[in-house]
Structure formats: structure tokens, C-alpha cells
Amino acid sequence: GGMSVGRGQPAAPSFSLGDIPQGPQTWDRPAMPCLEQTGQTHPRYMQCSVGAFPASQAVLQKFALPISVAIHPLNDPPVQPGFSAVPVVNFGASGVIRCRRCRTYINPFVSFIDAGRRWRCNVCGLLNDVPSEYYCNLDQNGRRRDEAERPELSYGTVEYVAPADYMVRPPQAPSFCFLIDVSARAVQSGMLEEVCQTIRSKLGELPGGTRTQVGFVTMNSSFHFYNLKSSLSEPQMMCVSDLEEPFLPLPSELLVNLDESRAVVEALLDKLPAMFATTLDPDLCLAPALQAVSAMMQHMGGKLMIFTSVQPSLGRSQGRKQEDVKALGTDRETSLLNPASDFFKNHGLDVCSKNQVSIDLFCCCDHYTDLATLTPLCKLTNGQLYYYPGFERSRDGDSLREDLQRALTRQVAFEAVMRVRASRGVKVAGFHGNYYLRGADLLALPTCDSDKAFVCDLVHEEQNLTTSHVCVQCALLYTTSDGERRIRVHNLNLPVTQNMAELYATMDVPCTINSLIKTAVEQGLATKLMDARSRIQSACVTSLRAHRIMNNTPVPEQAQLLPLYILAALKHPVLKDGTDIRSDERIALMTALGGMPTGMVDLFLYPNLFALHELPGSPFGIPGEDALTVMPVPKPLSSEKMDPAGLYLLDNGVSLLLWIGKAASAQMMLDILNIPSADRLDGAKVNLPALDTDLSARVRAVVARIRLARPGALPIYTVRQGGQAETKVLSMMAEDRTMSTMSYGEWWNALGRQLT
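Quantities reported herein were computed from a predicted structural model and do not represent experimental measurements. (Residues numbered from 1 in each chain as written. Predicted model: local features only at pLDDT ≥ 70, side-chain atom pairs only at ≥ 80, totals over all residues. Heavy atoms only, no water.)

Draft legend 1. Molecular detail of the overall build of the protein chain. Of regular secondary structure, the protein chain possesses 22 helices and 28 strands. For a compact globule of 756 residues, the expected C-alpha radius of gyration is about 27 Å, and the protein chain comes in at 27 Å, within 12% of that figure. Expressed along its principal axes, the backbone C-alpha trace of the protein chain runs to roughly 75 × 75 × 55 Å. Looking at the 756 residues of the protein chain, the share that counts as buried comes to 58%. Across the protein chain, the fraction of contacts at a sequence separation of at least 24, relative to all contacts at a separation of at least 6, is 76%. Total accessible area on the protein chain stands at roughly 30,100 Å², and carbon and sulfur atoms take up 51% of it. Distance from the positive charge centre (70 side chains) to the negative charge centre (77 side chains) of the protein chain: 5 Å. (Helix = DSSP H or I, 4+ residues; strand = E, 2+ residues; numbered from the N terminus. Rg over C-alpha atoms; globule rule 2.2 N^0.38 Å. Buried < 20%, exposed > 50% of the residue type's maximum accessible area, 1.4 Å probe, protein only. Contact = heavy atoms within 4.5 Å. Areas by Shrake-Rupley, 256 points an atom, 1.4 Å probe, with all protein chains shown as cover. Lys, Arg positive; Asp, Glu negative; His and termini not counted. Charge placed at Lys NZ, Arg CZ, Asp CG, Glu CD.)

Draft legend 2. Inspection of the sheet that holds strand β1 (residues 46-48) at higher detail. Strand order in the open sheet made by the 4 strands is β1-β3-β21-β18, with antiparallel pairing throughout. Looking at which strands have only one partner, the edges of the open sheet turn out to be β1 and β18 (426-432). The mean angle between the axes of side-by-side strands here comes to 25°, regardless of whether they run parallel or antiparallel. Pairing of β18 with strand β21 (residues 454-460), which is carried by 5 bridges, proceeds in the antiparallel orientation. Note that in β21 the partner of H432 across the bridge is V455. (Pairing = 2+ DSSP bridges. Axes fitted to C-alpha atoms, helices over the stretch in contact; angles between N-to-C directions.)

Draft legend 3. Fine view of the nonpolar core. The biggest cluster of nonpolar side chains holds 141 residues, and the ones touching the most others in it are L179, F223, L304 and I306. Those residues in contact with F223 that sit more than four places away from it in its chain are V217, T218, M238, C239, V240, L243, P246, C285, P288, A289 and A292. If you look at the next biggest cluster of nonpolar residues, it comprises 37 residues, including V195, V214, Y226 and V265. (Core = buried A, V, L, I, M, F, W, Y, C linked by side-chain atoms within 4.5 Å.)

Draft legend 4. Representation of the pattern of salt bridges in the model. Counted by the stated rule, this structure contains 40 salt bridges. Across the pair R185 and E392 runs a salt bridge, and its minimum N-O distance is 3.6 Å. Taken together, the residues span a long stretch of sequence, with R185 in helix α3 (residues 184-188) and E392 in the loop between β16 (384-387) and α12 (393-409) at a distance of 207 residues. For E392, a relative accessible area of 34% gives the class partly exposed. The partner of R395 in a salt bridge is D396, and the shortest N-O contact between them spans 2.8 Å. You can call R395 partly exposed: its relative accessible area is 37%. Since its relative accessible area comes to 5%, D396 is described here as buried. When salt bridges with common partners are traced through the structure, they connect K303, D360, R406, R410, D449, D451 and K452 into a single cluster. (Salt bridge = Lys/Arg side-chain N within 4 Å of Asp/Glu carboxyl O.)

Draft legend 5. How the structure looks around the packing of aromatic side chains. The final tally for this structure, using the stated rule, is 15 aromatic pairs. Geometrically, the ring pair formed by F343 and F344 is edge-to-face, given 5.0 Å between the ring centres and 80° between the ring planes. Like F344, F343 is buried. Among the aromatic residues, those joined into a ring-pair cluster are F91, Y105, Y134 and Y160. Of note, R144 hangs over the ring of F112, and the distance from its end group to the ring centre comes to 5.1 Å. Directly above the aromatic system of Y134 lies the positively charged group of R144, at a separation of 4.3 Å from the ring centroid. (Phe/Tyr/Trp six-rings, centres within 6.5 Å; stacked < 30°, edge-to-face > 60°. Lys NZ or Arg CZ within 6 Å of the ring centre and 35° of its normal.)

Draft legend 6. Representation of the environment of G599. Here G599 lies in helix α18 (residues 598-605). Between the alpha carbons of G599 and A173 there is a distance of 33 Å; along the sequence they are 426 residues apart.

Draft legend 7. Quick look at the environment of E640. Among the structural elements, E640 can be located in the loop between β24 (608-611) and β25 (647-651). Residues E640 and M733, 93 residues apart in the sequence, show an inter-C-alpha distance of 9.9 Å.

Draft legend 8. Fine view of the layout of surface pockets. Estimates place the volume of the second largest pocket at around 630 Å³. Around the second largest pocket, the lining is made up of 25 residues, and of these N338, K379, L380, E522 and L525 lie nearest the centre. Contributions of two or more residues to the lining of the second largest pocket are made by α9 (343-353), α11 (376-379), β18, α14 (509-526) and α17 (583-594). (1 Å grid on protein atoms, 1.4 Å probe; cavity = no way out; pocket = protein on both sides within 12 Å on 5 of 7 lines; lining within 4 Å. Points joined across faces, edges and corners; volume = space filled by probe spheres on them.)

Draft legend 9. How the structure looks around the packing of α14 against helix α15 (residues 529-550). One can describe the packing of α14 onto α15 by two numbers: an axis separation of 7 Å at closest approach and a directional angle of 150°. Viewed along their axes, α14 and α15 adopt a mutual orientation that is roughly antiparallel. α14 and α15 meet at a crossing whose hand is right-handed. Counting all contacts with α14, which are made through L516, T519, A520, Q523 and G524, the residues of α15 involved are L529, D531, A532, R535, I536 and A539. Its residues assigned to classes, the contact of α14 with α15 comprises 6 nonpolar, 3 polar and 2 charged. (Parallel < 35°, antiparallel > 145°, perpendicular 65-115°, else oblique. Left-handed = near helix turned anticlockwise from the far one by under 90°. Nonpolar A, V, L, I, M, F, W, Y, C, P; charged D, E, K, R; others polar.)

Draft legend 10. Highlighting the sheet that holds strand β7 (residues 127-129). The antiparallel open sheet is built from 3 strands, whose spatial order is β5-β6-β7. Strands at the two margins of the open sheet, each flanked by one partner only, are β5 (111-113) and β7. When strand polarity is set aside, the average angle formed by the axes of neighbouring strands in this sheet is 35°. In this structure, β5 lies alongside strand β6 (residues 118-120), joined through 3 bridges in antiparallel fashion.

Draft legend 11. A look at the packing of helix α7 (residues 286-297) against α9. For the pair α7 and α9, interaxial distance at closest approach is 12 Å and the crossing angle is 5°. Judged by the angle between their axes, α7 and α9 are roughly parallel. Residues L286, A287, L290, Q291 and S294 of α7 touch α9, and the partners they reach there are F343, F344, H347, V351 and C352. Of the residues belonging to the contact of α7 with α9, the class tally is 7 nonpolar, 3 polar and no charged.

Draft legend 12. Expanded view of unusual backbone geometry. Non-glycine residue A64 carries a positive phi angle of around 65°. By the element assignment, A64 lies in the loop between α1 (57-63) and β3 (67-71). Of note, A627 is a non-glycine position whose phi angle comes to about 75°, a positive value. You can see A627 is positioned in the loop between β24 and β25. On the basis of relative accessible area, A627 is assigned to the exposed category, the value being 60%.

Next comes the structure, spelled out in C-alpha cells:
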């Protein structure tokens, strides 16, 4: 991996990078706003990896790190019912005001001249006429007198009500379709019953109110439609066993208005587990069933949720039957991480993306699934992959339930497209995330929800910029679940600098890493993982060297954690070398990472480690002045600093690991888990019992606050020091030395030597 440590040679006196900086000191890693003036969007929606943009291409090349913009377009804070998180603007008769040349939306950074009759676009520089109904005179500073009353001229984020010319067709009703595996394994593992009960319990909370449409298809060696017409006393099942030329009944009776057919839909969900309770059918005809359910949805689009418990075995597009384990850790590994056939990829593009269908895949299989072949369905449609290896309801049911509940009820935008514009001289280069790029710069997003995020990189289109600021504007055009067409616009305005030092002084390390690791994963899939690792490593060295050449001092505080995060990325299961990461697991991690916002990427690479045994008697784990639980300070990710008599909680934003030291006392175990010994707890999933002890109360409060802040179910797994499952914790210890990577201290010193 290019990180091997040479031993034995005398160390040359090396350049000192300064004292080794400690990892993040806060549990929640908020985005850092580094842009001063008003009119900027809040960093929860859009943030840039630096606080200034280099005036010349030459400076950016030396800097060697991406200048990237992370976009989390629907990341609204909670608001009271009936209120909007962002100001809504309706231009009515005058139409939405945009630059007539580059189509930028009017925003706080445009300037008005000619007594307010014309405005200059801050992206392309064109002078536009102000429509008479939008006219207002200017004050002595050249600002419009009505600026404060106009959200689009004073707020960084606004939402415009889109007029009719922003619609290809009338806004569609939200539709949710469910394609459910009913093979023997789906029944025996409890998946079918958990899915049916969860959907039934959330029918009243699906977005869209009385307009929502639903449809159901089940599949084993054949697939089955259900007529849910409201006039029926109970659902009618239609079985299709011809997988070559599947027959399609009338969509109008299969995709029904939930409000009208509620009783029939509930009857179906109540009956399904019993209908298949005694099945011995081991097969799954995913491809034909997917074609059928897509045909049922394609006239209106919407959300398709697929639940599988076995590998697809019938119909076209068979993936790999088993994993080529010998390829793991070799140059051939990449072939396992790419689709075995293009059926699902092509279907995702030509059928789903084109018809506004977005796919969430809930995979509950008990062994190798060839996720690499299936995931393009989620990646190309801005969907999500949920992976529960070896799913058993008794253990994993609550995780599936919580994930599915959120997927069914979160704020969602339908029929969406997104475009990012940047000032003249700057080009939006690569996009990272789950989408399909239509044309040069239009992201097609059949749906987009509050958990999905994207990153784009900015590069120079000209050698030198002539403007004083670079504006980045992101616009998301979508249909709300209430059937309104809206345009949500976010604006950032970055000062242009001649001074390279400013890039380091204003660096946002997590945002930089967000782009670096997503680019590395894409490169790893296209070439090999080793190339991806060496690329981010050399970006780090090159950038630190450029700083050293420019001024012979350690990097400023803002940029100090760059080496630690690069090291964490190189060791992370998503990129690391070795044979212990199976391809399904790696694909699940890569796919999850693809849609993560910066704060989640941050935790994913450098998790929180809390010392639970230190909570009793401390100010942590109890309510503070704001009534919220006071959170402990995270510990460094170094296993040698962990106390064998202690209990630690590792939070990587996706799951929680409870590490139990060898010497942890029986009393402490009783106080938190109500069992005296950890002998049987290696790799077990646990729910913390509500015990009447100080430790239990504090730990449950800390866990509850973490879970509230994260989108997933965050199950807790216990890990015993010295047990087999401990590798799960050790693989996240970014500061440890491993067989193929240096410790943080060694890496820090090796970097100093490379800069000498």
C-alpha cells in the first residue's frame, strides 16, 4: 500500500511538522462556516473545502488537493408543522428571475445599477433588465431598498414556486411500490413478516397524504401481482410463471390510491406471511419481477423498495454464483467489485432513471449475494442499499424495522434534477454521489431525500481568474410530496485569493476528505484499490510539501488533521488492502459512502470512541442546562491507550460497537448489561436493558443522543477484547500500527522526512 515503514537506517534530521495534533474533540463534528458575509447558504446545505478560491490554475496544481463543494440539498432542520425550513418565494406573473444568458437564479450577490433598472449576473457578468413589476429604487450604497423584505436577495437558500414552464408533465402523486421476496428463506428468517408489519404500521405516515399510490409484487420462482381495487372485499392475487415473456395486467388496478384502498392494502399485508408460511420454494426470479414492477410504475415514477433474502437464481442477468475468494487482496479484486453483467445497470438507466423510479434495496441474504451486480440499481437512481448479512428476525428485526420506517416517512422530493453553476472561468468538474449524469451537468435524481448528499469538484477553466469572487449556485428542481413543483437554490460566494497560504488557513479537512475518498473509491473500482490508496497518499504529501516550500513552518491549525484523516482513509475497510474484507461487505461500504454528507464521512473514517467506565461521577451522560445529555469527549483511536478494565463505545455513524476489556469487572457488566461475564458476547447484537444503575442510565442517555443525530438504526454489537469479533473495532483504530500500515506517530514522522 506504499505505507511500509523502512526500519534500520539512521534517521536523517527531518523537517518538523510540529506536535502531533489530537483527533476531533467533539462528538457531533459540525460543519465549519468559514465564509463571513450574509447571503451565504448555511453549511448544513452546502460547504466548500476551502474558504477562498485560488486566482490561478498554477496555485491550485501546487495545492494538489481538490477544491470541492459538498451539497446536502434537503438537509432541513426540524420545524413546527405548517412552517417551512427555508423561505418560499412566488414570483407570480413576472416569472422566476434568472440571467438570460447563463440561467443563474437571482441571488444576494448580484449587483444592481442604472438606478435599479438593470442587474449584473455574478456568474457570467451579463447585464439583465429588471422586469417592471420587480423594480425597486436603490439607496445611497447602491442596494435595493426592499432587500430585507426579499428573501432571494438576503438569504443564501430559498425555494421558488416553479411556474408551469418548469414541468414536463403535471406533478405526479407520490407512489411507493414494494417488490418482496417470498422464498422459503424470506419466510423462515422472519424477513417477510417484519417487512409486512412495518409497512402496515407506517401506511398512515407515507408522504403525500390522500394522493399517495401504492402497489405490491411478491416473487419466488414465479412472481405475483395483487389487484387492490377499492371495490374488492379482499386482494386478488395473479401469478406469472412465464419468466421469458412476462405478462402484465392493467397497472390501474395494481397501483392504487392508498387512501381509497386502505382496507384492501391492510388485508394484503396481514395475509402475506400466512399465504407463504409453508412454502419450500428456494428460488428468486428478481430480474423478470423487476421488469414487471417497473412496467407497473413507469407511467408515474416513484419509490421502489426491493426486499431480498436469497441470491437471484432465475430469469436473465444471473450474477456470480460464488465469490472468487482467491482474488481478494490481489489486482483481480476489482473485477469482483464491478457488475458481472450489465442487466441491472442498463435497467437502472433505461427504465428506472428515465421514468423517475428510484430504488432502495434491502438485502437480507445469509451468504454471498454478489451485491456488485445489483447495486447499480440504487447508485444510478439516488436510492439506497441496506445490507443485513445473515438476517435473522430475532436479532436484526429491529434494525430492519427502524431503517424501513425512516425510508418510508422521511421528507422526499420526486422527479428531481439538480444543476450546479460556477462563475465564469471556473468549471464544475467531477460529481460524486448516487445519480445519473444527463448531458454535461444535469444530475437526474428520480427521488432525493433528506439523507442524500453529493460532492462536486471545482477547477479552473482559464489560467487566471479576473473576478474578485467565485459564486457557486446549486439548484434542485423537484416535486414536493404535496404535488407542488419547487426550485430550491443554494448560494456560496468565495473570495478569490492570490495567496496560497489562505487555502491552508481556511481548509475544511472533513470536506476535503469527503471528495478525496469518494474519488479514490471510484478510481479503485475503475483500476485497482492500490492505485486509489497511493493517489490519496501522494495528494497529502504533495500538498504538505507545497506548504513547506512556500513558508518553512508547520501547516496552520485548520489543516493539521489532514494527515490523520488520510491515514484513516488508507486503513478503512472501504479502501484497505488484505483478504479479510469480503466483496459484498466492501460494496455495501462503498455504496453507503457514496451518498453520505460530510459529517457522516467524517465519523465513518474517524469514529467517536467513548470511555463508558469513566461516566459514573463525571459531568457526562446526564442532562445539561439545555436539557440535552452532556456528551463525553472522544478518545484517540488507539487500542494501546484503551484500558483493559474498561468499557468503550465506538460510534462510526452507522453502527455502535461496545468493546469490553479483558479485565472489566463483573459488577460493571451487571450494571450495564445485567450479566456478569462477557464470555458469550463476542460479536453479539444487544439491546441495553433499562437498569436502575448510574452507569446504565448514563450509557443509555449517551446512546439515545447519538441515535437521534444519525439517520440509520445504529444497532449495538458487543466485542470482547481478544475475541474474534475484535477485528471490527481494530479495523477502525486509525492511529494503530497494522501489518501493512504505520501508526499515526510513525506516519507523522515519515511525512516530516518526506518533506525534508
